[in-house]
Amino acid sequence: MGLTLVLNSGSSSLKFSLLDPETRRLYLSGLAEKLLVPTPQITFRSRDHTRTEALPAKGHKPAMQAILAELEAQGFKERVEAVGHRVVHGGERFKSSTRITPEVIAAIEACAALAPLHNPANLLGIRLALAHFPQVPQVAVFDTAFHQTLPEYAYRYALPGELYTRYGVRRYGFHGTSHQYVTRRAAELLGRPLETLGLISAHLGNGCSITAVRQGQSVDTSMGLTPLEGLVMGTRSGDLDPNIPQYLSDTLGLTLEQITELLNKKSGLLGLSGLSNDMRELEQAAAQDHAGAKLALEVFCYRLAKYVAAMSVPLGRIDALIFTGGIGENSAWVRRKTLKWLGGLGFQVDEERNQQAVRGQPGIITAEGSTLAMVVNTDEELMIAWETRAVLS
Ligand code: ADP
């Protein structure tokens, strides 16, 4: 039985999963992290065992070697039939997952201007895997591809046309793999064909985005040219008045680089609370009356609710709102507060169901007669493995 190795190569980490897309069984997974500092480490996880060890040197190469050594030691290396890679930005070139060839690598490189932190790191993983598995077919799965079905009136910014036609300035959207997976899974859980449904998927992790999915296709999404736009996130501001950078430059003398850093790394939940970007910590602090934490939670949920209403526009009818990602799957508080704002769209939370969903149980969290809201656990690795298999068959 052939297995799929899924690789997610980031700037300072290399994540892998080894799974069977047919049976959905996860055999082994792991995370090599802190790859840019002198104390890199790797953690391997199998069904009943977790082990962390130091890596001999910095960089992605020793991390990849450690992964290969583990696959070999456990007798899995020969069973790897395909490798699926997460790639952040596919621009307009990649409308679906694609088998990796030298031309595809060049095209991913060409998209790097749109994701300078991510695409080069993704390519590092691709090159290492090609070197170690030269005979195994490899597939690139893009965060942006699922959103290539957006109509032009949803993806264009109200900017001079040339900025789009010559420089590619448009909404691309991200988290596509997660939005695609949870909407598929929601249809499965509801026992209704995806092609008949209008779904809103809220992926709430460290990064947060929301997508309207009509008949299985993304028709609008909150992230834009980059993942900074839209919802409030852990450290990213999401939407703001586009004149704010100019104002910060005029009044504080900040450079564009400093402002970009502020909006991406020091804003969002962290900036609002002055405490943390971690929702768990904020919920605990809010329970002890921390003013910043309470405000951060309020702004987070209000912005999210506004976006749910906005995403109902292209759908007309909401068959279900899906909560996913670390916050969406675990924070009953965020779900309750958000749904409370959405009474006008027919949402009414069932608190017992909402609390039950906290324990990792997917399912409906609204009362009888309410517009449906549900929790679905995302699984981007499984989706990448499915996409990899689909491309290769
Ligand atoms: P990433 O986007 O990096 O994959 P995750 O999807 O794991 O991140 O989401 C991380 C977020 O989920 C953090 O803000 C974390 O606090 C939050 N989270 C995880 N567990 C809980 C929980 N039990 N209650 C509230 N928030 C949680």
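Structure: see above.
Conventions and cut-offs
- Residues numbered from 1 in each chain as written.
- Predicted model: local features only at pLDDT ≥ 70, side-chain atom pairs only at ≥ 80, totals over all residues.
- Heavy atoms only, no water.
- Helix = DSSP H or I, 4+ residues; strand = E, 2+ residues; numbered from the N terminus.
- Expected span 1.5 Å × (residues − 1).
- Contact = heavy atoms within 4.5 Å.
- Patch = residues over 30% accessible without salt bridge, like charges linked within 9 Å, V, L, I, M, F, W, Y side chains within 5 Å.
- Areas by Shrake-Rupley, 256 points an atom, 1.4 Å probe, with all protein chains shown as cover.
- Salt bridge = Lys/Arg side-chain N within 4 Å of Asp/Glu carboxyl O.
- Pairing = 2+ DSSP bridges.
- Near = heavy atom within 4 Å.
- Polar contact = N/O pair within 3.5 Å; in protein donor to acceptor, adjacent residues only side chain to side chain.
- Buried < 20%, exposed > 50% of the residue type's maximum accessible area, 1.4 Å probe, protein only.

Participant: Mind showing me how you'd approach helix α1 (residues 60-73) here?
Facilitator: The α-helix advances 3.6 residues per turn, and as a result positions three or four apart in sequence lie on the same side. Taking 1.5 Å as the rise per residue, α1 with 14 residues should run 20 Å; its terminal C-alpha atoms sit 20 Å apart, in good agreement. Residues of α1 that are buried in the fold lie against β1 (3-9), β2 (14-20), β3 (25-33), β4 (41-46), β5 (49-54) and α3 (119-132).

Participant: Sorry, what's going on with a nonpolar patch on the surface here?
Facilitator: A contiguous nonpolar patch, built from Leu 159, Leu 163 and Tyr 167 and spanning about 280 Å² of accessible area, is present on the exposed surface. Of note, Tyr 167 is situated in the loop between α5 (161-165) and α6 (176-190).

Participant: I keep staring at the sheet that holds strand β10 (residues 208-214) and nothing clicks. Help me out?
Facilitator: Ordered in space as β11-β10-β9-β12-β14-β13, the 6 strands form an open sheet in which the pairing is mixed. On the outer flanks of this sheet lie β11 (217-221) and β13 (363-364), each paired with one strand and no other. Pairing of β13 with strand β14 (residues 373-375), which is carried by 2 bridges, proceeds in the antiparallel orientation. Each residue of the ladder has a partner; that of Ile 364, found in β14, is Met 374.

Participant: Teacher, can you tell me more about the site of the ligand here?
Facilitator: The immediate surroundings of the ligand are formed by 13 residues, with Asn 206, Asp 278, Met 279, Arg 280 and Gly 326 found nearest. Interatomic distance of 2.8 Å between a side-chain N/O atom of Asp 278 and an oxygen atom of the ligand. Starting from 580 Å² of accessible surface for the ligand in isolation, the protein chains cover 68%. Those elements that place two or more of their residues in the shell around the ligand are α10 (279-287) and α12 (325-330). At 4 residues, α12 tops the list of elements feeding residues into the shell around the ligand.

Participant: Looking at this structure, I do not really get the pattern of salt bridges. What am I missing?
Facilitator: Charged atoms that come close allow side chains of opposite charge to pair. Using the criterion set out here, one finds 20 salt bridges in the structure. Of the charged contacts, one joins Arg 170 and Glu 92 as a salt bridge, the two residues approaching to 2.7 Å between their closest N and O atoms. With Arg 170 in the loop between α5 and α6 and Glu 92 in the loop between β6 (80-87) and β7 (98-99), this residue pair connects regions lying 78 residues apart in the sequence. Take Arg 170: its relative accessible area is 2%, and that puts it in the buried class. Residue Arg 185 pairs with Glu 188 through a salt bridge whose shortest N-O separation is 2.6 Å. Placement of both Arg 185 and Glu 188 in helix α6 is noted, with a separation of 3 residues, approximately one turn of the helix. Of the residues examined, Arg 185 reaches a relative accessible area of 23% and is grouped as partly exposed. Connected through shared salt-bridge partners, Arg 24, Arg 185 and Glu 188 make up one network.

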